[in-house]
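# Summary of structural features
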Amino acid sequence: MDGTTRVNQTKCPKGSFCKFGLRFDCPAGQYGNELGLIINSCSGKAAPGYYTPPGSTSATQKQCPAGRYGTGGNVDEKCTGPCAKGHYCPKNSTNATQSKCPAGRYGDIEGLQSDECSVNCYLDTKDDDNAMYTTNALCTESKCTEGYYCPPGSISSREHKCGNISVYCPIGSGLPTIAKPGYYTVNGEVVIGQISTVVSDEATRSHVLICPKGHYCFAGVKKPCPRGKYGATKGLSTSNCTGDVDPGYWSGEGAINVRSRKCFPGRYSSIPGSTSGECQGSCLPGYYCPPASISNSQKHCGHAKYFCPEGSGSPSIASRGYYTVDMHLENKTTSQTTRTTQLHCPIGSYCVNGVRKVCPAGKYGRTKGLTTSKCSGKCLKGYYCPQES
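Thresholds applied
- Residues numbered from 1 in each chain as written.
- Predicted model: local features only at pLDDT ≥ 70, side-chain atom pairs only at ≥ 80, totals over all residues.
- Heavy atoms only, no water.
- Helix = DSSP H or I, 4+ residues; strand = E, 2+ residues; numbered from the N terminus.
- Buried < 20%, exposed > 50% of the residue type's maximum accessible area, 1.4 Å probe, protein only.
- Contact = heavy atoms within 4.5 Å.
- Areas by Shrake-Rupley, 256 points an atom, 1.4 Å probe, with all protein chains shown as cover.
- Disulfide = S-S within 2.5 Å.
- Phe/Tyr/Trp six-rings, centres within 6.5 Å; stacked < 30°, edge-to-face > 60°.
- Pairing = 2+ DSSP bridges.
- Salt bridge = Lys/Arg side-chain N within 4 Å of Asp/Glu carboxyl O.
- pLDDT = per-residue confidence, 0-100.
- Polar contact = N/O pair within 3.5 Å; in protein donor to acceptor, adjacent residues only side chain to side chain.

It is worth spelling out the overall build of the protein at this point. Helix and strand counts for the protein stand at 0 helices and 38 strands. Classification of the 389 residues of the protein by burial places 38% in the buried group. Considering only intrachain contacts with a sequence separation of at least 6, the fraction spanning at least 24 residues in the protein is 42%. With an accessible surface of roughly 21100 Å², the protein has 51% of that area assigned to carbon and sulfur atoms.

Once that is clear, we can look at the state of the cysteines. Throughout the structure, instances matching the rule amount to 15 disulfides. Between the sulfur atoms of Cys12 and its disulfide mate Cys18 the distance is 1.9 Å. Note on the Cys12 and Cys18 pair: the S-S dihedral is about 85°, so by sign convention the disulfide is right-handed. Given a relative accessible area of 5%, Cys12 falls into the buried group. Looking at Cys18, the relative accessible area reads 22%, which means it is partly exposed.

Moving on, we come to the side chain of Thr338. Following the sequence through the fold, Thr338 ends up in the loop between strand E33 (322-325) and strand E34 (341-344). In this structure Thr338 touches Gly286, Tyr287, His300, Cys301 and Asp326, once residues within four positions along its chain are discounted.

Before going further, it helps to spend a moment on the environment of Ile317. Looking at the element boundaries, Ile317 is found in strand E32 (residues 316-317). Considering only alpha carbons, one finds Ile317 and Asn353, 36 residues apart in sequence, at a separation of 8.3 Å. For Ile317, the contacting residues outside a window of four places in its chain are Lys305, Tyr306, Phe307 and Gln342.

Moving on, we come to the packing of aromatic side chains. How two aromatic rings sit relative to each other is given by the distance of their centres and the angle of their planes. Here the structure, examined in full by the defined rule, presents 2 aromatic pairs. When the centroid spacing of 5.3 Å and the interplanar angle of 25° are considered together, the rings of Phe17 and Phe24 count as stacked. Judged by relative accessible area, which is 11%, Phe17 ranks as buried. Taking the relative accessible area as the measure of exposure, Phe24 reaches 36% and is therefore partly exposed.

Where strand E21 (residues 215-218) lies against strand E22 (residues 221-224), 4 bridges are found, and the strand directions are antiparallel. Bridging across to E22, Cys217 finds its partner in Lys222.

The next point concerns the pattern of salt bridges. For the structure shown, the criterion picks out 6 salt bridges. Note that Asp115 is salt-bridged to Arg105, the shortest N-O span being 3.8 Å. Here Arg105 lies in the loop between strand E10 (99-100) and strand E11 (121-125) and Asp115 lies in the loop between E10 and E11, a separation of 10 residues in the sequence. Classification of Asp115 as partly exposed rests on a relative accessible area of 33%. We note a salt bridge from Glu278 to Arg267, for which the minimum N-O separation is 3.2 Å. Of this pair, Glu278 sits in the loop between strand E27 (267-268) and strand E28 (281-282) while Arg267 is found in strand E27, placing the two residues 11 residues apart along the sequence. Overall, the relative accessible area of 38% leaves Glu278 in the partly exposed class.

Another aspect to go through is the side chain of Ser349. Checked against the element boundaries, Ser349 lands in strand E35 (residues 349-352). With sequence-adjacent residues up to four places away left out, Ser349 is seen in contact with Arg356, Lys357, Val358, Cys359 and Leu370.

What follows deals with the confidence of the model for the protein. Interpreting fine coordinate detail is not advised for predicted regions of low pLDDT. Summary statistics for the protein give a mean pLDDT of 89 and a share of 89% for residues scoring 70 or more. Within the model, pLDDT remains below 50 along residues 126-135, and this stretch shows 24 contacts once partners closer than five positions in the same chain are excluded.

Relative to the elements of secondary structure, Ser156 occurs in the loop between strand E13 (148-149) and strand E14 (160-161). Ser156 sits in the partly exposed class, given a relative accessible area of 28%. Counting along the chain gives 70 residues from Ser156 to Gly86, while the straight-line C-alpha distance between them is 8.1 Å. When neighbours within four sequence positions are excluded, Ser156 is seen to be in contact with Tyr106 and Cys150. Within the structure, the side chain of Ser156 is placed 3.1 Å from the backbone nitrogen of Arg158, a separation counted as a polar contact.

All right, on to the pairing of strand E36 (residues 355-358) then. Bridge analysis of E35 against E36 gives 4 bridges, and the strand direction is antiparallel. If you follow Val352 over to E36, its bridge partner there is Val355. Connecting E35 to the next strand, E36, in antiparallel fashion are 2 residues, including Asn353 with a positive phi near 50°.

Further remarks concern unusual backbone geometry. One non-glycine residue, Cys79, adopts positive backbone phi at about 50°. Residue class for Cys79 comes out buried when judged on its relative accessible area of 12%. Positive phi values are uncommon outside glycine, yet Cys241 reaches one of about 50°.

Tracing the chain through its elements places Met327 in the loop between E33 and E34. Put simply, Met327 and Gly286 are 41 residues apart on the chain and 7.5 Å apart in space, counted from C-alpha to C-alpha.

Structure follows, in structure tokens:
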């Protein structure tokens, strides 16, 4: 239009400034919210969190998009810059650390848009004209790696190792979780270069399991029940486990039964909690103790044909030509059920089924170990042989 033939004038509109009779758009980063402006700074700069394209009439003409922030005077949708790592910026954010990524999540790149702190997003809708940036995106959470925890503002999926064997960190942990009594931690992870290998690393435990039978678990550690104890149920948390094994029995580590193992033959235990097959002690002479005995005189040896030395697990049969005696080396009938040893049948006697008898009158016994009433034979003619000759 020819500027030399103007016929009228009008007041400079909003979003513009006028000089020498000419109208100009307020420049990008500025705005004009009144009529008749005459300088290119117009009414002022775009507000923090916003940007103003040329000709803007408001300090909040356009919101800085999600993932960006503006400190004021911004000219386009790039605003001042992208949000810092470990943080996210919703629309019209004013600084690079507007909002920390929540506990259990992490942001390892700049420009994150939502509290999911993820770039794994897809567009739901667009409700403004910013073609470069999504404004209503749905994002998958960026969860902290199992075995690690991520406090607010984390920039790595492995921000901090979980800590020690007493705590565990499932995927997405913001803090370590203390293992409850009766549970133990598992699944430690070691990262070697770019390879993640599951090993028994106590610093990166990720799960807990209930303590199995025969064990107790405390502070995340699984231990076998001690000798003399047993663990009949899962989830035990003290070294007492379920309790002591029964009298007559013993247990090694990790037992699950109150009658785990029987005391050895010839041994006994009258008290609970024995820690080896030797149990409490030996069976008394004259008695025998089968497996699982609870007394040192569990069973009488039984009959004169049997003898039971100390520590017998079963009666011993008297040898041919021997007789049994008690602990006083006597063979009285009153002690025939508690014989302790055997002796060689003496001269002048014969021995049957552990019983010593004298050779009858008219017979004689010249050697030891005779076994019949005939002894060594009849007395010679011209002689007589009283009993026990």
